Amino acid sequence: MQDPQPDFRPLPGHAEPLAPGLRRVLAPNPSPMTFRGTNTYLLGEDDLAIIDPGPNTDSHLNALLAAIGTAKVSAILVTHAHVDHSPLARPLADRVGAPVYAFSDASGGRSPVMQQLAQSGLVGGGEGVDAAFVPDLRLADGDRVSGNGWSLRALHTPGHFGNHLSFAWGDMLFCGDLVMGWASSLVSPPDGDLTDFMASCRRLQGQDWSVFHSGHGAPITDPMVRLDWLITHRLAREAAVLDALADGPATSAALAARIYTETPPALLPAAARNVLAHLIDLHGKNVVFPEGPLSAEAAFRLT
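Counting starts from 1 at the beginning of each chain's written sequence and moves along it residue by residue. Given that the model is predicted, a residue must reach a pLDDT of at least 70 before its local features are reported, and side-chain atom pairs must reach 80 or more before they are shown or counted; all residues, however, enter totals for whole chains, interfaces and linings. To get the side-chain values, take all heavy atoms of the structure and skip hydrogens and water.

A look at the packing of aromatic side chains
To pair, rings of Phe, Tyr and Trp, with the six-membered ring standing in for Trp, must have centres within 6.5 Å; the planes then decide the type, stacked if under 30 degrees apart, edge-to-face if over 60, and tilted in the middle. Across all of its chains, the model carries five aromatic pairs by this definition. Between tryptophan 169 and phenylalanine 174, the ring centres sit 6.4 Å apart and the planes meet at 20 degrees, which makes this aromatic pair stacked. To sort residues, take the accessible area from a 1.4 Å probe on protein chains only and compare it with the maximum for the residue type: under 20% means buried, over 50% means exposed, and anything in between is partly exposed. On the basis of relative accessibility, which here comes to 17%, the residue tryptophan 169 falls in the buried class. Each residue in the set Phe8, Phe35 and Trp182 is aromatic and connected to the rest through ring pairs, giving one cluster. In this structure, arginine 237 packs its charged tip against the face of tyrosine 260, placed 4.1 Å from the ring centre. A ring is considered to have a charge above it if a Lys NZ or an Arg CZ atom is located within 6 Å of its centre and within 35 degrees of its normal.

Written out as structure tokens, the structure reads:
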């Protein structure tokens with residue numbers, strides 16, 4: 001498979017300047033889901049905000065402590081409770097004495113249909129959930145967190161995950177895993193919700209942004225172009241799902257095998273969860289219906 005960002009090869013553990021008052025430290029957790037690894041951001045000079053502390057590894061903790069140095073840390077902010085973003089928050093907080101901010105614990109922010117699916121036993125697939133994550137302080141949409149020389153505005157941007165926050169810094173946005181430049185975001189029910197994902201992307205289209213700093217991959221310097229691509233990509237996947245269902249009822253796994261023809265076999269389960277997200281979204285629009293209870297194993301048919 002072609003490398004989507006061949007020039008993006010930062011050294012893990014190295015604090016790399018991105019803009020005045022902003023540095024990135026790459027965590028050493030590359031994978032098919034995390035690309036080169038998780039981007040942890042350090043905002044500020046002598047008074048810092050740490051955004052997405054990342055996986056709980058000694059090497060990444062030590063790299064962040066070295067980058068922090070003698071500066072004060074006022075806030076540790078978590079975009080969402082996946083295991084590649086949030087587990088280091090508590091160990092880091094214990095070392096630097098800063099509170100952890102997030103929208104909620106790992107189960108917050110779900111739509112009613114996703115709450116119902118979770119209660120029925122459906123669990124997320126593709127990316128691990130940090131079920132133990134609990135913030136010290138919760139941020140609602142529009143809340144601000146400020147320090148000496150910086151101020152961040154929280155935006156609740158569910159879709160990739162129910163408790164997903166993005167953080168606006170002027171016309172720059174720390175967008176977590178909602179928008180990435182190297183791949184489309186995974187949307188895996190019940191933690192991911194495609195209806196919410198599309199709404200969050202369209203919400204971001206309502207403001208002019210200069211750059212998106214994502215949870216994985218290089219800075220996105222053409223945010224509007226990328227948002228247009230993501231929405232168009234999802235609409236094309238929806239059309240492919242509907243086209244495949246014209247041949248008769250099928251499960252999300254069967255549809256994924258037919259639609260994601262160039263996807264490596266190991267990633268097909270994640271692709272199936274993406275298809276399931278489309279089917280649930282289409283069910284909410286009364287375009288498709290499950291044959292039996294709504295579940296990951298259900299066969300769906302056109303209305």
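Details of the sheet that holds strand S5 (residues 72–77)
Sheet strands associate in pairs through backbone hydrogen bonding, adopting either a parallel or an antiparallel arrangement. Strand pairing is defined by DSSP finding a minimum of two bridges between the two strands. Where helices and strands are cited, they refer to DSSP runs of H or I of at least four residues and of E of at least two residues respectively, numbered from the N terminus. On the basis of which strands lie adjacent, the open sheet formed by seven strands has the order S1-S2-S3-S4-S5-S6-S7 and mixed pairing. At either end of the open sheet lies a strand with only one pairing partner, and these are strand S1 (15–19) and strand S7 (137–138). We call two residues contacting when some pair of their heavy atoms lies within 4.5 Å. Here an angle of 0 to 180 degrees is reported between the N-to-C directions of two axes, which are lines fitted to C-alpha atoms, with helices fitted over the stretch in contact. Packing of helix H1 (residues 58–68) onto the sheet brings it into contact with S1, strand S2 (22–26), strand S3 (39–43), strand S4 (47–51) and S5, and relative to S2 it is tilted by some 160 degrees. Each of S4, S5 and strand S6 (100–102) is contacted by helix H2 (residues 89–96), which is oriented at about 160 degrees to S5, the strand it contacts most.

Quick notes on empty space enclosed by the protein
For each structure, a 1 Å grid was placed over the protein atoms alone; sets of points admitting a 1.4 Å probe that cannot get out are labelled cavities, open sets with protein on both sides within 12 Å along at least five of seven lines are labelled pockets, and lining residues have an atom within 4 Å of a point. Grid points are joined across faces, edges and corners, and a volume is the space filled by probe spheres set on the points. For the coordinates displayed, the defined rule picks out three cavities of 30 Å³ or more. There is about 40 Å³ of room inside the second largest cavity. Lining the second largest cavity are Asn39, Tyr41, Ile51, Asp52, Thr79, Phe174, Cys175, Gly176, His213, Ser214 and Gly215. Sorting the residues of the lining of the second largest cavity by element identifies S3, strand S11 (172–176) and strand S12 (211–214) as the ones contributing at least two each. The element contributing the most residues to the lining of the second largest cavity is S11, with three residues.

Description of the nonpolar core
The criterion is simple. A nonpolar core is a set of buried Ala, Val, Leu, Ile, Met, Phe, Trp, Tyr and Cys residues joined through side-chain atoms within 4.5 Å. Within the largest apolar cluster, 25 residues are counted, with the highest numbers of intra-cluster contacts made by Leu42, Ile50, Ile76 and Leu92. Sorting the residues of this core by element identifies S4, H1, S5, H2 and S6 as the ones contributing at least two each. Ranked by residues supplied to this core, first place goes to H1 with six residues. The residues touching isoleucine 76, leaving out its near neighbours within four places in the chain, are Ile50, Pro53, Ala89, Leu92, Ala93, Val96, Ala98, Pro99, Val100 and Tyr101. Leu117, Leu245, Leu282 and Ala296 belong to the second largest nonpolar core, which has 22 residues in total.

Let's talk about the pattern of salt bridges
Throughout this description, the term salt bridge denotes a Lys or Arg side-chain nitrogen within 4 Å of a carboxyl oxygen of Asp or Glu. Scanning the model with the defined rule gives nine salt bridges in all. A salt bridge links lysine 285 to aspartate 281, with the shortest nitrogen-to-oxygen separation between them at 3.0 Å. The class of lysine 285 is partly exposed, set by a relative accessible area of 46%.

Overview of the state of the cysteines
When two cysteine sulfur atoms lie within 2.5 Å, the pair is treated as a disulfide. Counted according to the given criterion, the structure contains zero disulfides. Left without a disulfide partner, cysteine 175 is nearest to the cysteine sulfur of cysteine 201, which lies 9.5 Å away. Residue cysteine 175 is classed as buried on the basis of its relative accessible area, which comes to 0%. Owing to a relative accessible area of 1%, cysteine 201 belongs among the buried residues under this scheme.

Description of the packing of helix H5 (residues 223–245) against helix H7 (residues 268–284)
Close contact between H5 and H7 brings their axes to 10 Å; oriented N to C, the two are set at 80 degrees. It follows that H5 is roughly perpendicular to H7 by the angle criterion. Contacts between H5 and H7 involve Arg234, Arg237, Glu238, Val241, Leu242 and Leu245 from the first element and Asn274, Val275, His278, Leu279, Asp281 and Leu282 from the second. Each angle receives one of four descriptions, namely roughly parallel if under 35 degrees, roughly antiparallel if over 145, roughly perpendicular if within 65 to 115, and oblique otherwise.

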